[in-house]
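So the chains spell out like this:
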Amino acid sequence: GGGRFSPILPQPLAVRVLDGQGQAFYDGEVDAAREEVVFLSLDLLQVEGRVRFAGHPVARASVSFVPPDPSYPPPQALESERDGSFEAWLVAGSYGVAVEAAGFCRRVFPLRVEEPPSLLDLSLDQACGTLVLRFAGRRMQELALFSQKFPHTLFALQGWAAAQGGEVGEGVWEIPALASGEYALCLLQTTPPGATASHCRQGFLPPAGRLILDLSLHTN
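Residues numbered from 1 in each chain as written. Predicted model: local features only at pLDDT ≥ 70, side-chain atom pairs only at ≥ 80, totals over all residues. Heavy atoms only, no water.

Peer 1: Sorry, what's going on with the packing of aromatic side chains here?
Peer 2: The geometry of two aromatic rings is summed up by the distance between their centres and the angle between their planes. Across all of its chains, the model carries three aromatic pairs by this definition. Pairing Phe135 with Trp173 gives two aromatic rings, centres 5.8 Å apart and planes at 80°, and the pair type is edge-to-face. Here Phe135, found in the loop between β13 (129–134) and β14 (143–147), pairs with Trp173, found in strand β17 (residues 172–178); they are 38 residues apart in sequence, far enough to count as distant. (Phe/Tyr/Trp six-rings, centres within 6.5 Å; stacked < 30°, edge-to-face > 60°. Helix = DSSP H or I, 4+ residues; strand = E, 2+ residues; numbered from the N terminus.)

Printed below as a string of structure tokens:
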């Protein structure tokens, strides 16, 4: 607790701690046989908001905060209350707010967490489009899908597509019920200090429309 841990390992331990923007504020090696590692508590800021549709609250919406670095692990989701409200505590920085709710389009909203406390009004819609991702010959771990300049977690999209009756096959995904807007499917280079997008296919998904992004190996 409180950022304190005592590693009990026979060999040195590489330690990296990142803030909300993916910047390392500790990066080094610890002699795990002799040292106790202590980090100062992170300064967390309150984020409050509501999920709505046409001015009415949307209860039980899944809300997750996605850092801009696609190499981060999938974020944990929280659920909106009966009045559509939610609350989270985050490190200052930039995030995408991914919102999923049955009967509505999955959307990612941009968020800058800073003082004073962030108040969010996340408005959903039902004019959804279908996104088709083609990546034959590639591994899912090589790819990231961006909208609002923030990555969609592909594992989360896999579950969303299945829940909406879409197709999640080898080398091709058909993902319905996504909000209209710009999307980019990118290859990643996982070289230090993190993953960076190196090659993309992008386009605009219109309301009730369809967009195909093809990064199959033969398309390069």
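Now that the structure has been shown, the text picks up again.
Peer 1: Can you walk me through the nonpolar core in this structure?
Peer 2: Burial of nonpolar side chains together is a common tendency in soluble globular proteins. Residues Leu133, Leu145 and Tyr183 are the most contacted members of the largest nonpolar core, which totals 23 residues. Setting aside residues up to four positions removed in sequence, Leu133 forms contacts with Leu145, Gly171, Val172, Trp173, Ile175, Leu185 and Leu213. Within the second largest apolar cluster, 22 residues are counted, among which are Val47, Ala61, Phe86 and Leu122. (Core = buried A, V, L, I, M, F, W, Y, C linked by side-chain atoms within 4.5 Å. Buried < 20%, exposed > 50% of the residue type's maximum accessible area, 1.4 Å probe, protein only. Contact = heavy atoms within 4.5 Å.)

Peer 1: Before we go on, may I ask you to explain the state of the cysteines in this structure?
Peer 2: Working definition of a disulfide: a covalent bond connecting the sulfur atoms of two cysteines. Applying the stated criterion across every chain, the model contains two disulfides. One disulfide bridge connects Cys105 with Cys128, the sulfur atoms lying 2.1 Å from each other. What sets the handedness of the Cys105 and Cys128 disulfide is the S-S torsion sign, and at about -100° it is left-handed. Of this pair, Cys105 sits in the loop between β10 (93–100) and β11 (107–113) while Cys128 sits in the loop between β12 (118–123) and β13; the two residues are 23 residues apart in sequence, bridging distant segments of the chain. Exposure remark for Cys105: the relative accessible area of 1% places this residue in the buried category. Through a disulfide, Cys186 is tied to Cys200; the S-S separation comes to 2.0 Å. Its S-S torsion of about 105° marks the bond between Cys186 and Cys200 as right-handed, since a negative value means left-handed. (Disulfide = S-S within 2.5 Å.)

Peer 1: Could you clarify how one ought to interpret the sheet that holds β13 in this entry?
Peer 2: Where strands meet in a sheet, backbone hydrogen bonds hold them as pairs that are either parallel or antiparallel. Here four strands make up an open sheet; going across it, the order is β16-β17-β13-β20 and the pairing mixed. Only two strands of the sheet have a single partner each, and these edge strands are β16 (167–169) and β20 (210–214). Across the sheet, the axes of successive neighbouring strands diverge by a mean angle of 20°, strand direction being ignored. Alignment of β13 against β17, held across five bridges, turns out to be antiparallel. Looking at β17, one finds that Arg134 is bridged to Val172. Helix-sheet contacts for helix α1 (residues 154–163) involve β16 and β17, and the interaxial angle to β17 is about 75°. (Pairing = 2+ DSSP bridges. Axes fitted to C-alpha atoms, helices over the stretch in contact; angles between N-to-C directions.)

Peer 1: Can you walk me through the sheet that holds strand β7 (residues 62–66) in this structure?
Peer 2: An order of β8-β7-β10-β11 is seen for the four strands of this open sheet, with the pairing classed as antiparallel. Two strands lie at the open edges of the sheet, namely β8 (77–79) and β11, each paired on one side alone. Ignoring which end each strand starts from, the neighbouring axes of this sheet average 30° apart.

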